[in-house]
Every structure is written in C-alpha cells, then in structure tokens.
Amino acid sequence: MIPGLGPSDGVIHIQYRPSKSPSQYKTSLFQDEKPLLLTYFAIKGLGEVPKLMLAECGAHYDQIAVVGLTDQSVAMEWRKRSQNGLLPIMSGLGIPRATPISQSGAIIRFLADRFGMKGKSVHEAAMADVLYETAKDIGSKVETVCSVNPEKDLSNAKEPFALALRVVKMLESMPNPIDGGAALNFGQIQLLYVLMRCEARRSGCVKENLGEFLESFRLTMVNRSGIGSYLKSKSCFPFTKGELGSEGYIYSSGPLRRGDIKSADL
C-alpha cells in the first residue's frame, strides 16, 4: 500500500494530453491502433523512464497508477495479464490490451523503436543501447555517487566515476539536447533519470562527483520542452523516501491529492 493518496486503494486513471508533439518524433497512431496505456504503481520507479520518453516526444497516453493492495477486479487483472506477473505493463500501438508487454527494458526499447528514439542507423541504435546499459550501471551505484568526498578510482571501469568519463565520450557523438529539434535516444533518457535520482538524493552531487559535463547535460535535459512540462506537472509523482535512501513508499514531498493528478495539463 502506498500512503499519501488518501484512504482508498483504488487505482488512479491519469490522462496525458500534451499540447504539442515535436515533429522529430513519430507519435501518430496507425490505422486501427488503440492508444497507449501504461500501468504501473503510483511512484517513479521502473515506470519513470517510459514516462520521460513519452513526455519528450509529446505522446498522448493514459496511465493506470496502482496504489498497492488493489482488488485485481478493478485493476484490469494486471497480475494475470502481465507476461511476468509484474509491473509495468503496456498495451496499445499494436500491442493488444489482452496481452500487454511487460518488463521495463522491453517497454523502453519498444517505445524507442516506435517513436524514433534510437538513432538513424543500426550503429546509432546500438550505441544508444550501450549508453542505456551504462547509465543503469551508474544507477546501481547511486549511493556511491551521492557520497561526500568519495575516493575516485578512475581506472576502475566498474565504478561510477570512471564510467562517467566514458559516458561523456558517448554523449559527444549523440544528439545535443541543447537543440530543441534534436531527436534524443532512449539511452540519454535513462541517463537523465539516473542523474535525477542522484541529485534528488543529495543536491550538488552530480557536478561534484560526476563532473560539470554531466551536470550541464542534466540541467539541459530537465529544461527540454516536453520533459520540463511533465516534471512540473502534478501528475509527475515525487520520489519516495525509499528512492532517496530511506525506507518505504512514502512520498518525500508529503501527501498528494488524487484530484490534482488525474489529468496532466502539459
């Protein structure tokens, strides 16, 4: 059960309807396709990178935000329908409602392929995936990145400080987020989320421990039109205390009003 949303454990239906979709992304529905439906818990977690991708490309979609111990009969029986019995799950855009796809990585790669967020060539797509996996590696070391005055062994590629230097080289050959018309890739979005997690946990740690380049990247990304609008909206769930190094699924910013988050005015 996720506290902070009132006494009800009912799901929350959120509609995301951005006012514009950047022309560099392919967001139009094909004939007879159903709109995208994403189901995940009412937290950031494994659902946030797909949502950041959708915000960046200005896609219209709905989310079913599950609160916790929800009666499956009023939550689309997601445990039975999920391929692995877990969340997130996604349907629409050619994926049948009855057999949604699961696994966050599979959803991310599907969205990248569909919306044009994997580069313009086989090589660019592969490099986007390399960045995606490398960003996840840094994400597994958030506690180290957020520490004060850590010992930085730049020769150890398994540690986040050496990885950060390699990420900078990767980014130099990828679309520049300063360009509002650039089509970003899914690896860049994954990296953004990792940096957001670090910065939320200890302000200033990205610049201090990962360098000015990645801090500049983070600031530029959060100010992209679609991403910036989403992050400022009330439908963007705050980090939980657990995600910030404490315990539990308690919102770090305090309780939320359900009525405020049911429609994303982007």
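Residues numbered from 1 in each chain as written. Predicted model: local features only at pLDDT ≥ 70, side-chain atom pairs only at ≥ 80, totals over all residues. Heavy atoms only, no water.

1. Some remarks on the packing of aromatic side chains
(1) Moving on: Following the criterion strictly, the structure yields 7 aromatic pairs and no others.
(2) Moving on: Between Tyr132 and Phe186, the ring centres sit 5.5 Å apart and the planes meet at 50°, which makes this aromatic pair tilted. With Tyr132 in helix H4 (residues 122–139) and Phe186 in helix H7 (residues 186–201), the pair connects residues that are 54 residues apart, well separated along the chain. When sorted by exposure, Tyr132 lands in the same class as Phe186, which is buried.
(3) Moving on: Relative to Tyr251, the ring of Phe237 has its centre 6.3 Å away and its plane inclined at 5°; by these criteria the two rings are stacked. Placement of Phe237 in the loop between helix H10 (225–232) and helix H11 (258–261) and of Tyr251 in the loop between H10 and H11 is noted, with a sequence separation of 14 residues between them. Here Phe237 matches Tyr251 in class, with each residue buried.
(4) Moving on: One aromatic cluster is present, formed by Tyr16, Tyr61 and Tyr230 through successive ring pairs.
(5) Moving on: Directly above the ring of Phe239 sits Lys44, whose terminal nitrogen or CZ lies 5.0 Å from the centroid.
(6) Moving on: The ring of Phe30 carries Arg114 above its face, with NZ or CZ at 4.1 Å from the centroid. (Phe/Tyr/Trp six-rings, centres within 6.5 Å; stacked < 30°, edge-to-face > 60°. Helix = DSSP H or I, 4+ residues; strand = E, 2+ residues; numbered from the N terminus. Buried < 20%, exposed > 50% of the residue type's maximum accessible area, 1.4 Å probe, protein only. Lys NZ or Arg CZ within 6 Å of the ring centre and 35° of its normal.)

2. What to know about the environment of Ser121
(1) Moving on: Considering the arrangement of structural elements, one finds Ser121 in the loop between helix H3 (104–115) and H4.
(2) Moving on: Within the local environment of Ser121, its side chain forms a polar contact with the backbone nitrogen of Glu124, the two atoms lying 3.1 Å apart. (Polar contact = N/O pair within 3.5 Å; in protein donor to acceptor, adjacent residues only side chain to side chain.)

3. Thoughts on the nonpolar core
Note on soluble globular proteins: their nonpolar side chains tend to be buried together.
(1) Moving on: The biggest cluster of nonpolar side chains holds 75 residues, and the ones touching the most others in it are Met53, Leu111, Ile189, Leu191 and Leu214.
(2) Moving on: For this core, the element with the most residues is H7, which contributes 9 residues.
(3) Moving on: When neighbours within four sequence positions are excluded, Leu111 is seen to be in contact with Leu36, Pro50, Met53, Leu54, Met90, Leu93 and Gly116. (Core = buried A, V, L, I, M, F, W, Y, C linked by side-chain atoms within 4.5 Å. Contact = heavy atoms within 4.5 Å.)

4. With respect to the pairing of strand S2 (residues 36–41)
(1) Moving on: Most of S2 sits out of view: 5 of its 6 residues are buried.
(2) Moving on: Strand direction decides the pairing type here: S2 and strand S3 (residues 61–66), joined by 6 bridges, are parallel. Opposite Thr39, over in S3, you have Ile64 as the bridge partner.
(3) Moving on: As for the winding sense of the linkage, the β-α-β connection from S2 through helix H1 (residues 48–57) to S3 is right-handed.
(4) Moving on: Bridge count between S2 and strand S4 (residues 89–91): 3 bridges; the pairing is antiparallel. If you follow Thr39 over to S4, its bridge partner there is Ile89. (Pairing = 2+ DSSP bridges. Right-handed = clockwise from strand over helix to strand, strands pointing away.)

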